[in-house]
Amino acid sequence: MISEETIHDLIAQAITARGNSYSPYSHYQVGAALLSEDGQVTLGCNIENAAYTPTNCAERTAFFKAVSEGIRSFQAIAVVGSPAGKEITQFAYPCGVCRQVMMEFCNPAEFQIIVAKSQEEYVCLTLDQFLPNGFGPDNLGPFDSQEE
Ligand code: THU
């Protein structure tokens, strides 16, 4: 389990990351802070696109940044989201595609997803609570993910 102090710190970093959101179409700004197994934090924001479908969510931005830097083991992610210029008044739960990306790299029984309105008000649940019976690498058999 991660400490309350770590949770507060990750939420603060997710709020900072939200400041870099590129969201001229939805005006919905999302930030994420991803904590690796060895304590590194990788930030992400949503990045939209005029063609709409290339849009990348904040959570996936953080994951893809981390994996591209050689980080593949993770403990937790904090996520915050709200319309531009508005207080964070709702929980921005990760979309289905982001949950599936988490499933690729995280132990669903252990990985903690912290969805926050503030450092004090948050929900912290495991990936398997967000994505029960998820399909992951183990379903495909004994591939060695380190090889590729
Ligand atoms: N978004 C995220 O960044 N994360 C989610 O889990 C849900 C949605 C973004 C995508 C898009 O830029 C905006 O929020 C509105 O859907």
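Here goes a summary of the coordinates provided. (Residues numbered from 1 in each chain as written. Predicted model: local features only at pLDDT ≥ 70, side-chain atom pairs only at ≥ 80, totals over all residues. Heavy atoms only, no water.)

Quick word on the nonpolar core
- Core analysis: the biggest nonpolar cluster contains 22 residues, and Phe-63, Ile-77, Met-102 and Phe-111 have the highest contact counts within it.
- Listed by contribution, the elements that provide at least two residues to this core are strand 1 (28-36), helix 2 (58-68), strand 3 (74-83), helix 3 (96-105), strand 4 (112-116) and helix 4 (127-130).
- Residues Ala-78, Val-80, Ile-114 and Ala-116 belong to the second largest nonpolar core, which totals 13 residues. (Core = buried A, V, L, I, M, F, W, Y, C linked by side-chain atoms within 4.5 Å. Buried < 20%, exposed > 50% of the residue type's maximum accessible area, 1.4 Å probe, protein only. Helix = DSSP H or I, 4+ residues; strand = E, 2+ residues; numbered from the N terminus.)

Describing the environment of Gly-96
- Mapped onto the secondary structure, Gly-96 falls in helix 3.
- With 36 residues separating them along the chain, Gly-96 and Pro-132 place their C-alpha atoms 12 Å apart.

Some points on the site of the ligand
- Around the ligand, a shell composed of Ser-26, Tyr-28, Val-30, Asn-46, Glu-48, Thr-55, Cys-57, Ala-58, Glu-59, Tyr-93, Pro-94 and Cys-95 is seen.
- Within the backbone of Ala-58, an N or O atom sits 2.9 Å from an oxygen atom of the ligand.
- Taking Cys-95, its main chain carries an N or O atom lying 2.9 Å from an oxygen atom of the ligand.
- Here the ligand loses 77% of its free accessible area of 370 Å² to cover by the protein chains.
- Elements that contribute at least two residues to the shell around the ligand include exactly strand 1 and helix 2.
- Its residues assigned to classes, the shell around the ligand shows seven nonpolar, three polar and two charged. (Near = heavy atom within 4 Å. Polar contact = N/O pair within 3.5 Å; in protein donor to acceptor, adjacent residues only side chain to side chain. Areas by Shrake-Rupley, 256 points an atom, 1.4 Å probe, with all protein chains shown as cover. Nonpolar A, V, L, I, M, F, W, Y, C, P; charged D, E, K, R; others polar.)

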